[in-house]
Amino acid sequence: MPVPDDTELVPPADRSSGGGRPTDADPTDTSALAVLRAPQTARVLAASLLGRIPLGAAPLALLVFARETMTLTVAGLLVAAFTAGTAVGQPMLARMADRWRQPPVLWLAVTASTIGFALTAAHVNLPVTVFAAALAGAGAPPFESCLRVLWRGLLPAHRVQTAYTLDIAVQETIFILGPVVTLAAVGLVGPAGGLAAAAFFQAAGTVWFATTDAVRRWRGEPAVRHWAGPLRAGRLRLVLGALVLVGAAVGSVTVAATGYAESAGARSWAGWLLAAQATGALIGGLIFVRFGGLRRYATLPRVVGVFALGYLPLLLTPAPAVMLVLMAVSGLALPALLTIAFVALDDLAPAGTVAEAFAWAATAFSVGSAGGAAAAGALLDATGEVTVGFLIAPLSAAAACGIALTGARTLGRGGSAG
């Protein structure tokens, strides 16, 4: 089965049960509008985005809640517990969805996560609160993986890649809206308001998503199960390794941008810089959707290389107004990169493990992001040089490009995925 690292990316045949792939009278139309016009696609995309708002809202909500009565160290511990819970919970929940059905897993997950948010807000004592934050993260419904396995049953083959890119691009709105939702809720009902809002949007998204016909009908592919799931595929592990390094690049810039803003004398610039990068990613995704010809030349090593180059200008650390533009530029290539990685994962995942493979991608990116953030923070503390913090991103991205090239050479030698 070919991996789309050095060939044109053509999605594989539909591997989900429940009928053949939809067809369309116009095989050349791969626009975002064509995707959204297909039955149920707009609903599942919107519902999943609604349910994913806590991914952008919960970290800030936890920080605001904890800082009311706790130290910054404890606040950071709660955010770390939530993030770790998400990293562990997503693949496990996706594996359950692969083996059974999506709705029961989604209902179970959102119940556990809601209990976690409620216990966190109750603040019984520190150990219980940390456990509760971890439970809130571990129970976060796996919307990303559940959504992405639906595309091949809802869309004809030539539109699946557009759907991946559209999802990745509009997902940036989560990280723009999430903090806004948190601050608005805190302003209305107090420090626990952000936690309540995160739980509410997550539950509303779950109800809307899980009751969709396509979700209720979807069944995982019957297959012989292996304890390692999709991780037994060697070339799939290479893609995940590249995503860890891509995540490290993104995470390091989050901390470096904060250090830059502080050195510029206005910490509030950090939020604007990160919003500019998210906006750049949104624009880049829409461009990749609009100009389908770009995909003809889009392979994983090439796009990761472009992604790495996009971070180099940040080393100039110019005036804040110029830095906003450079941050937007650094985000442009991310949606194309993730789209190609998802197509590769879909292609390489062993039968019956596609949803879990997508969840591992999210975990790999999150783990890398946390590691990159920690490394950037340590370097900034040790050197006091803002430029050093921005150095991690291009280096990590260059290493990711090396892994992608290794995967391409393995394919050229006829290496197996296993």
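No experiment lies behind these values; they were computed from the predicted model shown.

**Student:** Lay out the confidence of the model for the chain with the relevant residues and their values.
**Tutor:** In the predicted model, the chain carries a mean pLDDT of 82, and 85% of its residues have values of at least 70. The low-confidence segment residues 1–19 (pLDDT under 50) makes 53 contacts with residues lying over four places distant or belonging to another chain.

**Student:** Summarise unusual backbone geometry; cite the residues concerned and give the values.
**Tutor:** With a phi angle near 50°, His-123 is a residue other than glycine that sits in the positive phi range. Judged by relative accessible area, His-123 falls into the partly exposed class, the value being 29%. Here Thr-317, not a glycine, exhibits a phi torsion of approximately 40°, which is positive. By the secondary structure assignment, Thr-317 is in the loop between α13 (300–311) and α14 (320–331). According to the relative accessible area criterion, Thr-317 is partly exposed, its value standing at 23%.

**Student:** Describe in detail the packing of helix α11 (residues 234–263) against helix α16 (residues 354–383), supporting the description with residues and values.
**Tutor:** For the pair α11 and α16, the least separation of the axes is 6 Å and the interaxial angle reads 40°. Judged by the inter-axis angle, α11 sits oblique to α16. As α11 runs across α16, the sense of the crossing is right-handed. Seen from α11, the contacting residues are Leu-236, Leu-240, Leu-243, Val-244, Val-246, Gly-247, Ala-248, Val-250, Gly-251, Ser-252, Val-255 and Ala-256; seen from α16, they are Ala-357, Trp-360, Ala-361, Ala-364, Phe-365, Gly-368, Ser-369, Gly-372, Ala-373, Ala-376, Gly-377 and Leu-380. Of the residues in the contact of α11 with α16, the class split is 17 nonpolar, seven polar and no charged.

**Student:** I'd like a description of the environment of Leu-309, backed by residues and values.
**Tutor:** Positionally, Leu-309 belongs in helix α13. Remark: the alpha-carbon pair of Leu-309 and Ala-333, spanning 24 residues in sequence, is separated by 9.7 Å.

**Student:** Can you break down the packing of aromatic side chains residue by residue, with the values?
**Tutor:** The relative placement of two aromatic rings is captured by the distance of their centres and the angle of their planes. Overall, the coordinates contain seven aromatic pairs when judged by the stated rule. Relative to Phe-117, the ring of Phe-82 lies with its centre 6.2 Å away and its plane at 40°, an arrangement referred to as tilted. With Phe-82 in helix α3 (residues 72–99) and Phe-117 in helix α4 (residues 102–122), this pair connects stretches of sequence that are 35 residues apart. For Phe-82, a relative accessible area of 5% corresponds to the buried category. On the accessibility criterion, Phe-117 (3% relative accessible area) is buried. Residues Phe-200 and Phe-201 carry aromatic rings whose centres are separated by 5.5 Å and whose planes lie at 75° to one another, so their mutual orientation is edge-to-face. Taking relative accessible area as the criterion, Phe-200 reaches 54% and is therefore assigned exposed. Through a chain of ring-to-ring contacts, the aromatic side chains of Tyr-164, Phe-342 and Phe-358 assemble into a single cluster.

Conventions we followed
- Residues numbered from 1 in each chain as written.
- Predicted model: local features only at pLDDT ≥ 70, side-chain atom pairs only at ≥ 80, totals over all residues.
- Heavy atoms only, no water.
- pLDDT = per-residue confidence, 0-100.
- Contact = heavy atoms within 4.5 Å.
- Buried < 20%, exposed > 50% of the residue type's maximum accessible area, 1.4 Å probe, protein only.
- Helix = DSSP H or I, 4+ residues; strand = E, 2+ residues; numbered from the N terminus.
- Axes fitted to C-alpha atoms, helices over the stretch in contact; angles between N-to-C directions.
- Parallel < 35°, antiparallel > 145°, perpendicular 65-115°, else oblique.
- Left-handed = near helix turned anticlockwise from the far one by under 90°.
- Nonpolar A, V, L, I, M, F, W, Y, C, P; charged D, E, K, R; others polar.
- Phe/Tyr/Trp six-rings, centres within 6.5 Å; stacked < 30°, edge-to-face > 60°.

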